[in-house]
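Survey of secondary and tertiary structure
Listed below are the residues making up each chain.
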Amino acid sequence: MMMRMNKIIPDLHANNCLTIHPDVAKYHNLSTAKKWFLRFGNQALEMKLKTSSVLTEDEIKLSASIIDLLSIPINCRFEIRRENNEILLGPFIGILVGANKSYLDESVQYLSNYLYDYEHIGGAVIAFSLEGIDPLRYTIEGYLYSPETEKWEPGIFPYPASVFKIIYLNREWRNHFQTVFGHRYFNSYVFNKWEMYKWLSQNSQLNSFLPKTVIYYAPQDIENLLNEHNEIFIKPVHGSMGERIYRVKKTQGSSLQLEFQQAGEPQKSNFSSVHELGVFLKKQFKGKTFILQQSLDLITYQEKKIDFRIVMVKNQSGDWEDMCMVAKYGREGSIVTNILAGGTAEVGEITLQKVFGFSEEEAFRFRKEISRISYEAARCIEECGVHCGNLGIDIAIDTAKKVWIIEINNVNPSPLFALDINDRQLFYQIKRSNMLYAKNLAGFPEKMT
């Protein structure tokens, strides 16, 4: 018997009762002689189990009192699953979208593309903001996706079984979510560039793929790293989209040249010493932490620097999948490859063939090695205590064909890279996998057949 999406029929006569078809009870090894709890999200109620051949195998009859007490939306379709003495009704998934309600109101309509395959995801899916959480009553004000109208309907709901988090949380909120959901929420902690470097550099299988990186404390740190490498990058510990990234190189004597982007255009400034540069950086970063990183001799094409984004996503079985490799081309003369800064994108395997003259087989083998490194990096990050469901791993390749790990994004790596290479199906596959992993965490790990 395949896992079924069940329609809920309110039972207006029996109290505290769940009624299912006898074959469904047999398949799930559910005996009417035992004591059961029905669990929906974070709530459970003791109830009686009955069977009836009047029902079809994809119908569930549920006492109206239970529907009301557990706030079960009967316009959704649910699976059932046994777990010890509980019958799980779900999945019940939450998507944490933003900090405040106004942002949620503006963006909720765009979340429907996570549910284009509702038939296989199923259950109740709510979208909410931190502002909508009542941690004392364990309720959430937000929106419920209606599979009947394909629209988001406002309401107040109980806590879900799992949460897909796509925003940054402070420590107080992280503690709350860990207390309530434990391992059942993902993208739990947003790590920075320095934390990533420290974790991966302790891994014997990965440390050789990392450019040397140090925290900036004083101007002397710049000079020390420049004595080892002719050029270095200066980057904020927290940052994205290529912002506030500088490249430094020595010119004559103690003089330095700084390259950066400003208003999308490449800029250059000269400094007479590392101390003068230090004064400039202090103003730019305003007390925020930044790192110094070895510059790499990246591959280029038509004077455009290239790096790659590997999209790693967990599936319904909880296993990592390497979804794609996208080559990012910077603008001519730019020190960054960010697409929003004027760059372009291409299928990574095509770029490997174009730049290195690889055959299809050579490109395939090289790509497999990049995938191996990416899987190991994902595994290492999770071993360091961060529960991830999707990662954007930025990979660089130098002119000697050596692979480097530049950065890993885990806030909510954008699947828009798929659209940048004109692969709309991949875009939806990534979002579908996010929801199926959330379904796994909600207590429904089986793949649909």
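Scroll up to find the structure this text is about.
Quick notes on the rules
- Starting from 1, residues in each chain are numbered consecutively following that chain's sequence as written.
- Thresholds applied to this predicted model are a pLDDT of at least 70 for local features of residues and 80 or more for the giving and counting of side-chain atom pairs; totals over whole chains, interfaces and linings are not thresholded and use all residues.
- With hydrogens and water set aside, each side-chain value is computed from the structure's full complement of heavy atoms.
- A run of H or I in DSSP becomes a helix once it reaches four residues, and a run of E becomes a strand once it reaches two; helices and strands are each numbered from the N terminus.
- Note on exposure labels: buried denotes an accessible area under 20% of the residue type's maximum, exposed denotes more than 50%, and partly exposed covers the range between, all computed with a 1.4 Å probe on protein chains only.
- In what follows, residue pairs with any heavy atoms lying within 4.5 Å of each other are defined as contacts.
- To be clear on the numbers: accessible area is Shrake-Rupley with a 1.4 Å probe, and residue cover counts the displayed protein chains and nothing else.
- Only four residue types enter the charge count: Lys and Arg as positive, Asp and Glu as negative, with His and the chain ends excluded.
- In this description, the location of a charge corresponds to atom NZ of lysine, CZ of arginine, CG of aspartate or CD of glutamate.
- Paired rings are identified among Phe, Tyr and Trp, the last through its six-membered ring, by centres lying within 6.5 Å, and are further divided according to the angle between planes into stacked (under 30 degrees), edge-to-face (over 60) and tilted (the rest).
- Counted as over-ring charges are cases with an Arg CZ or a Lys NZ within 6 Å of the ring centre that also lie within 35 degrees of the ring normal.
- We call two strands paired when DSSP finds no fewer than two bridges between them.
- Axis lines are fitted to C-alpha atoms, over the contacting stretch for helices. Their N-to-C directions set the angle, which ranges from 0 to 180 degrees.
- Only buried residues count toward a nonpolar core, which is a set of Ala, Val, Leu, Ile, Met, Phe, Trp, Tyr and Cys residues joined through side-chain atoms within 4.5 Å.
- An angle below 35 degrees is read as roughly parallel, one above 145 as roughly antiparallel, one from 65 to 115 as roughly perpendicular, and any other as oblique.
- Should the near helix be turned anticlockwise from the far one by less than a right angle, the crossing is left-handed, and should it be turned clockwise, the crossing is right-handed.
- In this context, the arc is that of the directions from the helix axis out to the C-beta atoms.
- Here a salt bridge means any side-chain nitrogen of Lys or Arg lying within 4 Å of a carboxyl oxygen belonging to Asp or Glu.

Attention now goes to the overall build of the chain. Along its length, the chain carries 12 helices and 25 strands. Projected onto the principal axes, the alpha-carbon positions of the chain cover approximately 90 × 50 × 40 Å. Burial status across the chain gives 54% buried among its 449 residues. Restricting to contacts in the chain with at least 6 residues of sequence separation, those with at least 24 account for 66%. If you sum the accessible surface of the chain, you get close to 20800 Å²; carbon and sulfur atoms cover 47% of it. Side-chain charges in the chain split into 51 positive and 52 negative, and the spacing between the mean points of these groups amounts to 3 Å.

Moving on to the packing of aromatic side chains. Geometrically, a pair of aromatic rings is defined through the distance of the ring centres and the angle of the planes. In total, this model carries 26 aromatic pairs according to the counting rule given. Look at Tyr116 and Tyr428: their rings are 5.1 Å apart centre to centre, the planes differ by 55°, and that puts the pair in the tilted class. With Tyr116 in the loop between helix H3 (101–107) and helix H4 (118–121) and Tyr428 in helix H12 (residues 424–441), the pair connects residues that are 312 residues apart, well separated along the chain. Of the aromatic side chains, those joined through ring pairs into one cluster are Tyr216, Tyr246, Phe260, Phe271, Phe280, Phe285 and Phe290. Taking NZ or CZ as reference, Lys235 lies 5.7 Å from the ring centre of Phe233, over its face. One residue, Lys431, lies across the ring of Tyr114, its end atom 3.7 Å from the ring centre.

Ordered by their spatial adjacency, 7 strands build an open sheet running S1-S5-S2-S4-S3-S7-S6, and the pairing between neighbours is mixed. The strands lining the two open edges of the sheet, one partner per strand, are strand S1 (7–11) and strand S6 (79–83). Strand after strand, the sheet turns through a mean of 35° between neighbouring axes, direction not considered. Here strand S2 (residues 17–20) pairs with strand S4 (residues 43–51) via 4 bridges, running parallel. Bridge pairing links Thr19 to Lys50 in S4.

Grouped together as the largest cluster of nonpolar side chains are 65 residues, with contacts concentrated most on Ile72, Leu89 and Phe177. The residues touching Ile72, leaving out its near neighbours within four places in the chain, are Ile8, Phe40, Leu62, Ile66, Ile67, Phe78 and Leu89. Of all hydrophobic cores here, the second largest spans 37 residues; its members include Tyr197, Ala363, Ile395 and Ile408.

Moving on, we get to the sheet that holds strand S19 (residues 290–294). Taken together, the 6 strands give an open sheet; going across it, the order is S14-S19-S15-S16-S17-S18, and neighbouring strands pair in antiparallel fashion. Two strands lie at the open edges of the sheet, namely strand S14 (213–215) and strand S18 (265–271), each paired on one side alone. Taking the axes of each pair of neighbouring strands and ignoring which way they run, one obtains an average angle of 25° across the sheet. Where strand S16 (residues 246–250) meets strand S17 (residues 256–262), 4 bridges bridge the pair, whose relative direction is antiparallel. Residue pairing for S17: Arg247 is matched across the bridge by Glu259. Packed onto the sheet, helix H6 (residues 193–201) meets S14, strand S15 (231–236) and S19 and runs at close to 125° relative to S14.

We now examine the packing of helix H9 (residues 348–356) against helix H10 (residues 360–383). Axis separation between H9 and H10 bottoms out at 9 Å; the angle between their running directions is 120°. By the criterion of interaxial angle, the relationship of H9 to H10 is oblique. In the crossing of H9 with H10, the sense of the turn from one axis to the other is right-handed. Where H9 abuts H10, its residues Glu349, Leu352 and Gln353 lie against Glu360, Ala363, Phe366 and Arg367.

Another aspect to go through is H9. Those residues of H9 that fall on the buried side of the exposure criterion are Gly348, Thr351, Leu352 and Phe356. Relative to the axis of H9, the buried residues are bounded by an arc of 105° and lie together on one face. Considering only its buried residues, H9 is in contact with strand S21 (304–314), strand S22 (320–329), strand S23 (344–347), H10 and strand S24 (390–397). Just downstream of H9, Gly357 is the residue with a positive phi angle, here 70°.

Across 8 bridges, strand S10 (residues 139–146) lies against strand S11 (residues 151–158) in antiparallel orientation. From the neighbouring strand, Leu144 faces S11, where its bridge partner is Glu153. Counting the residues between successive antiparallel strands, the hairpin from S10 to S11 contains 4 residues, one of them, Glu150, with a positive phi of roughly 60°.

Looking now at unusual backbone geometry. For the peptide bond that leads from Gly90 to Pro91, omega is 5°, which places it in the cis range. Inspection of the secondary structure assignment puts Pro91 in the loop between strand S7 (86–90) and strand S8 (92–98). One non-glycine residue, Asn187, lies in positive phi territory at about 65°.

Let's shift gears to the side chain of Ser433. Note that Ser433 resides in helix H12. Apart from residues no more than four positions distant in its own chain, Ser433 is found in contact with Val313, Lys314 and Met323.

Right, let's talk about the pattern of salt bridges for a bit. Pairing is possible between side chains of opposite charge, provided their charged atoms come close. Across all of its chains, the model carries 23 salt bridges by this definition. Salt-bridge contacts for Arg4 lead to Glu57; the nearest nitrogen and oxygen are separated by 3.2 Å. Remark: Glu57 occurs in the loop between S4 and strand S5 (59–63) and Arg4 occurs in the segment before S1; sequence separation between them is 53 residues. For Glu361, the salt bridge is made with Arg365, and the minimal N-O distance between the two is 2.6 Å. Here Glu361 pairs with Arg365, and both are found in helix H10, just 4 residues apart, close to one helical turn. Relative accessible area serves as the criterion here: at 57%, Arg365 is assigned to the exposed category. Linked by salt bridges that have partners in common, Asp307, Arg309, Lys328 and Asp394 make up one network.

By themselves, these observations are geometric and do not establish any function.
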